Amino acid sequence: MSKMKSLLSSSDPMVAMMNMCPVLTTPIDWKETPEAHCFFADLPGLSKEDVKVEVDNGRVLKISGEWKAEEEAEMKWHRVERSRGSFCRKFRLPENIKADQVKASMENGVLIVTVPKQEVKKPFSKVIQIEEK
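Residues numbered from 1 in each chain as written. Predicted model: local features only at pLDDT ≥ 70, side-chain atom pairs only at ≥ 80, totals over all residues. Heavy atoms only, no water.

In the nomenclature of an unreviewed UniProt entry, the protein chain corresponds to SHSP domain-containing protein from the organism Datura stramonium.

It is worth spelling out the side chain of T26 at this point. Locating T26 in the fold gives a position in the loop between helix 3 (22–25) and strand 1 (28–32). Ignoring anything within four residues of it in the chain, the contact list for T26 reads L43, W67, F87 and R89. (Helix = DSSP H or I, 4+ residues; strand = E, 2+ residues; numbered from the N terminus. Contact = heavy atoms within 4.5 Å.)

Geometry of an aromatic ring pair is reported as the spacing of the ring centres plus the angle between the planes. Tallied over the entire structure, the rule returns four aromatic pairs. Taken together, a centroid distance of 4.7 Å and an interplanar angle of 35° make the contact between W30 and F39 tilted. Using a relative accessible area of 38% as the deciding quantity, one classes W30 as partly exposed. Taken together, a centroid distance of 5.0 Å and an interplanar angle of 40° make the contact between W67 and F87 tilted. Note that W67 is positioned in strand 4 (residues 60–67) and F87 in strand 5 (residues 85–92), a separation of 20 residues in sequence. Residue F87 is classed as buried on the basis of its relative accessible area, which comes to 4%. Members of the aromatic cluster, connected to one another through ring pairs, are W30, F39 and F91. (Phe/Tyr/Trp six-rings, centres within 6.5 Å; stacked < 30°, edge-to-face > 60°. Buried < 20%, exposed > 50% of the residue type's maximum accessible area, 1.4 Å probe, protein only.)

Through backbone hydrogen bonds, the strands of a sheet pair up, either in parallel or in antiparallel fashion. Ordered in space as 1-2-7-6, the four strands form an open sheet in which the pairing is antiparallel. The sheet is open, and its two edges are formed by strand 1 and strand 6 (103–107), each paired on a single side. With strand direction ignored, the average angle separating the axes of adjacent strands in the sheet is 15°. Of the pairings in the sheet, the one linking strand 6 to strand 7 (residues 110–116) comprises five bridges and is antiparallel in character. Paired with K103 across the strands is T114, a residue of strand 7. (Pairing = 2+ DSSP bridges. Axes fitted to C-alpha atoms, helices over the stretch in contact; angles between N-to-C directions.)

Structure, rendered in structure tokens:
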């Protein structure tokens, strides 16, 4: 086992739990505005090339990527608490989205995914006149 892997499977239970749980290692906020659903993912140290954003089956937003571990022969790690390895988060989107218009951007280590909403037709009532034949 490499030195980095042994540090990731830390004897510190909190660090070990965080490294095994994508929810803890990849915090994502989801807010809804009148126009869209917006997702904000903290991804420090990652570039847009390290991250993949997809919409599966028209209703599932999938955000995935990987933090690569640095390893050099002359390196000695004393503690590793930041996440390493791959992550994947999925969110079931509501029916009123425009899946073909999803946009993503990245600024200062924060991924922003915007999922536009479409207007939902509200049920209406109408009295129908009966004609005589």
